[in-house]
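For reference, the chains in residue letters:
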Amino acid sequence: EGTKTDASSQYYLAMDEQGNSCIAVQASPGQTTTMALQDDNNDPCAATTAVVAAAAATTLSTTMSKKDRKKLKKLRKRASSIQTEGERSGLLTRSEYEEYRTLLASDADEDDTMGPSINVRKKKEGIEKSEGAHHRDLLVWFLQQVQGNYVNGDNDSSNKDRESLVLSKKRRREEQDPVDGRATTKDNKNGQEDIFKVSIPHWASIHNPGTIQQVAVMEIHVPADENHKIEDYTRFLESFQHKTRKGSKVGMRTKWFQGHVPASMSDSLFYFSNNNNGHKNKKKNANLDEPPKKLDLLQSLQALTLSREEMIEQQYPRPIPNDDSQNSDANMSTKTDIMLPPSDIPLETAKKFVKEHGLRVQDQGEDDKHPYVMTLPKCAVLPRIDSDSSCCAPRVFGLDCEMVMTALGLELARVTMVQFDDFALDPNPVTTTTLIMDCFVRPENPVVNYLTKFSGITAKLLEPVRTHISQIQYALANFLTPDDILVGHSLENDLKALHYIHPLVVDTAMVFRPSHKRTKYSLRHLAATILKKQIQSGSHCSEEDAQVALDLALRKAWLGDRLRVPGDPDKTSILHKHCPTSNNNTAVFIGSSTWLENNVLKHPSGAHALNYDSIEECKKALLAWMNGRRKAQLIWSNISLVKGTVTRKPFGSFQSLVTDVVGNLPGGCMLMVAIQADLEKTRDLFKKRKVCQDVRSSVGWSEANELAWQKQLDSTRYGYVQWFGR
């Protein structure tokens with residue numbers, strides 16, 4: 001090394017083992033000229049080694065200061081040293097990662113020590129089980145890293161992160177920063193929660209989170225049969241993890257759902273709760289100690305009425321289109337504010353009215369000859385028994401019916417209607433009602449089963465009854481107006497039994513419908529969980545059921561979204577907040593058409609949705625979006641290896657799929673492999689169990705059946721998750 005006359009320039013002489021030499025001159029920072037010197041044999045190519053050596057010496061000497069060398073050494077040590085005492089260790093932010101790559105002056109993907117990984121925290125070693133929500137939170141946290149939501153350019157976030165690892169828990173709570181992974185929310189201009197930031201699970205420690213550039217998920221549904229149990233798939237993932245240098249040290253048994261209703265792991269991984277019941281809501285809802293105004297309550301209740309589309313979906317009775325009878329001017333009435341006792345209405349008058357105003361509805365069976373009657377508009381003349389007063393204010397009624405089984409099918413045997421009077425706090429909510437109709441009805445056809453356990457109806461109760469369904473229809477049509485609101489639980493069944501059509505209904509089965517919308521809660525469950533009231537402990541009582549349905553609807557109208565069924569919080573798709581489809585980011589979802597329709601396509605997000613016909617096709621798509629020219633930041637696949645779908649050898653296909661994907665994992669990628677066994681088989685058995693346990697079923701459900709069911713349920717409830725990273 002020497003210095004030319006110009007003190008700002010330096011030159012370097014390099015020689016290789018053959019005596020070839022090269023001079024590199026740096027005239028100014030960033031401008032270097034290299035000159036190859038020929039050897040004694042005049043071979044210019046032989047000087048290549050010397051040229052490279054001289055250029056490298058120039059670069060190192062001019063760009064790597066003593067301070068930078070010290071910084072590189074420090075970053076390298078942090079990147080390669082896994083600390084499991086806290087939530088994070090290693091390179092914590094993207095800026096640190098970029099600085100390390102610059103100082104390293106090489107492709108960071110070639111250095112395995114720089115990749116991200118998940119480990120079990122030191123104090124949580126030995127943990128064997130986790131919840132599906134834990135892994136969902138990790139996915140969301142990683143997606144926020146990919147999108148830069150945790151990088152704060154205005155502050156020295158890396159220093160804050162490093163300091164937070166050694167702070168006491170109390171101090172860390174006081175010095176929370178958005179860079180930290182704890183659950184926080186940010187309000188937008190409308191005061192609504194805009195960004196959800198999740199917590200790192202209590203057992204997880206993430207190493208080099210700043211290096212994460214891509215997140216991949218493989219949901220794999222596997223069969224559990226006599227050849228391979230779910231434990232075989234689990235053991236393969238564990239052994240495969242130990243054979244590879246890539247990945248984390250986290251693999252654990254995972255619970256996918258609670259209770260006895262089987263659910264897919266997608267429900268646990270793809271959705272998170274939007275329910276906030278913290279101290280902020282308590283302050284915001286301080287006025288709940290005051291009873292609502294009746295008018296405000298009625299307006300809120302009107303907002304809960306079913307739309308026309310919802311009534312069609314739930315198969316509420318509706319007239320056949322272009323039926324002349326429903327457009328007749330005669331279908332108008334002057335209403336009374338008193339419910340006429342059906343038994344006081346002359347049967348011939350009622351039958352004549354039903355014949356004149358009756359109509360058939362869509363999907364009405366051919367054997368069902370009795371006409372339907374609809375609530376009539378006001379103001380035209382209808383044969384009246386008494387009372388010439390008219391009702392002009394919308395009213396609210398709770399309605400419930402009990403049915404028996406006849407030769408034709410289910411027929412009306414009892415009808416009960418209660419009218420809402422007032423709502424007060426004493427100190428708990430109390431609904432005041434008036435019983436305006438409660439009568440037994442004689443079925444038109446012979447009874448074959450009284451369904452006493454469900455209806456409370458016996459032959460002795462119906463023996464003296466002479467009230468006909470036409471008298472009930474007449475009484476309702478003479479009393480109800482189109483503005484009145486009927487409240488009930490699965491009210492379409494009651495209206496079908498009544499052969500009655502009404503435009504405004506509040507159905508508590510729909511109001512409290514679970515977020516997945518596959519099932520409905522029973523009235524008994526809603527009463528127990530929301531009202532803390534036990535009903536239907538013996539046989540059903542229509543008066544009690546009508547009152548409970550009305551209580552539930554009014555409670556919902558009062559509290560709104562603050563009232564939810566315990567255990568079923570409002571769920572929001574991960575796509576709604578965290579899908580990386582902006583800022584040149586790409587998200588890809590690969591799965592069956594049904595899975596894509598239920599979880600991806602119904603949440604507009606700009607993500608790519610790809611269907612597959614074979615496991616090989618799915619694997620190619622995964623690897624292409626992971627390693628191709630156009631990399632995706634999120635690749636999510638849902639794969640079924642159940643026999644009869646796309647493979648005949650599920651365990652072999654599973655081994656090949658995992659081996660190829662993990663073996664080609666790109667740098668900066670976190671991959672989650674999740675497995676669940678026999679979901680569809682368990683769902684089919686759940687339906688069979690429900691049918692067999694019905695008292696109306698001739699097929700019983702033995703104790704041995706129940707034990708087999710519990711075993712099958714557990715095999716689906718508990719799966720396994722293994723994380724890989726590079």
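Data block above holds the structure.
To start, this report covers the structure provided alongside it. For clarity, every value in this text was computed on a predicted model and none was experimentally measured.

This brings us to the nonpolar core. If you look at the biggest cluster of nonpolar residues, it comprises 45 residues, and the most contacted ones within it are Leu138, Phe142, Phe270, Phe589, Trp636 and Trp723. Per-element tally for this core: the top contributor is helix α4 (residues 132-146), with seven residues. With sequence-adjacent residues up to four places away left out, phenylalanine 270 is seen in contact with Thr572, Ser573, Ile574, Leu575, Phe589, Trp595, Asn599, Val600 and Trp636.

Our next topic: the environment of serine 268. Within the element layout of this structure, serine 268 appears in helix α8 (residues 265-269). A relative accessible area of 12% places serine 268 in the buried class. Residues serine 268 and histidine 135, spaced 133 residues apart in sequence, show a C-alpha to C-alpha distance of 8.8 Å. Ignoring anything within four residues of it in the chain, the contact list for serine 268 reads Gly132, Ala133, Arg136 and Trp256. A polar contact is formed between the side chain of serine 268 and the backbone nitrogen of alanine 133, at a distance of 3.4 Å.

With that out of the way, let us pick up the pairing of strand β10 (residues 204-207). Here β10 shows no split at all, with Ala204 and Ile206 on one side and Ser205 and His207 on the other all buried. Of the pairings in the sheet, the one linking strand β5 (residues 88-89) to β10 comprises two bridges and is parallel in character. By the bridge assignment for β10, serine 89 is matched with histidine 207.

In terms of residue burial, helix α15 (residues 469-479) counts as a mostly covered element, since eleven of its eleven residues are buried. Turning to α15, its buried residues are Ile469, Ser470, Gln471, Ile472, Gln473, Tyr474, Ala475, Leu476, Ala477, Asn478 and Phe479.

Right, let's talk about helix α25 (residues 703-717) for a bit. The first and last C-alpha atoms of α25 sit 21 Å apart over 15 residues, in line with the 21 Å expected at 1.5 Å per residue. Looking at α25, one finds that the buried residues are Trp709, Gln712, Leu713, Thr716 and Arg717. Down the axis of α25, the smallest arc covering the buried residues is 135°, so these residues share one side. With respect to the buried face of α25, the exposed residues turned more than 90 degrees away are Glu703, Ala704, Leu707 and Lys711. At its buried positions, α25 is contacted by β12 (251-255), β26 (669-677), α24 (679-692) and β27 (718-725).

Here we come to the packing of aromatic side chains. Evaluation of the coordinates by the stated rule reveals 14 aromatic pairs. Both rings, one in phenylalanine 142 and one in tryptophan 723, keep their centres 5.5 Å apart while their planes meet at 80°; by these two values the pair is edge-to-face. Residue phenylalanine 142 is located in helix α4, and its partner tryptophan 723 is located in strand β27; the two are separated by 581 residues in the primary sequence. For tryptophan 723, a relative accessible area of 0% corresponds to the buried category. Aromatic side chains phenylalanine 686 and tryptophan 709 sit 6.0 Å apart centroid to centroid with 35° between the ring planes, which places their arrangement in the tilted category. One end of the pair, phenylalanine 686, is in helix α24; the other, tryptophan 709, is in helix α25, with 23 residues separating them in the sequence. Its relative accessible area of 17% is what places phenylalanine 686 among the buried residues.

In this section: the packing of helix α10 (residues 294-302) against helix α19 (residues 542-559). A pair of packed helices is captured by two measures, namely the crossing angle of their axes and the spacing between those axes. Where α10 meets α19, the axes come as close as 8 Å, and the angle between the chain directions of the two elements is 100°. In terms of their interaxial angle, α10 and α19 are classed as roughly perpendicular. Listed contacts from α19 to Leu297, Ser300 and Leu301 of α10 are Ala553, Leu554, Ala557 and Trp558. Its residues assigned to classes, the contact of α10 with α19 shows six nonpolar, one polar and no charged.

Thresholds applied
- Residues numbered from 1 in each chain as written.
- Predicted model: local features only at pLDDT ≥ 70, side-chain atom pairs only at ≥ 80, totals over all residues.
- Heavy atoms only, no water.
- Core = buried A, V, L, I, M, F, W, Y, C linked by side-chain atoms within 4.5 Å.
- Buried < 20%, exposed > 50% of the residue type's maximum accessible area, 1.4 Å probe, protein only.
- Helix = DSSP H or I, 4+ residues; strand = E, 2+ residues; numbered from the N terminus.
- Contact = heavy atoms within 4.5 Å.
- Polar contact = N/O pair within 3.5 Å; in protein donor to acceptor, adjacent residues only side chain to side chain.
- Pairing = 2+ DSSP bridges.
- Expected span 1.5 Å × (residues − 1).
- Arc of directions from axis to C-beta.
- Phe/Tyr/Trp six-rings, centres within 6.5 Å; stacked < 30°, edge-to-face > 60°.
- Axes fitted to C-alpha atoms, helices over the stretch in contact; angles between N-to-C directions.
- Parallel < 35°, antiparallel > 145°, perpendicular 65-115°, else oblique.
- Nonpolar A, V, L, I, M, F, W, Y, C, P; charged D, E, K, R; others polar.

Keep in mind that these numbers describe shape and distance, not what the molecule does.
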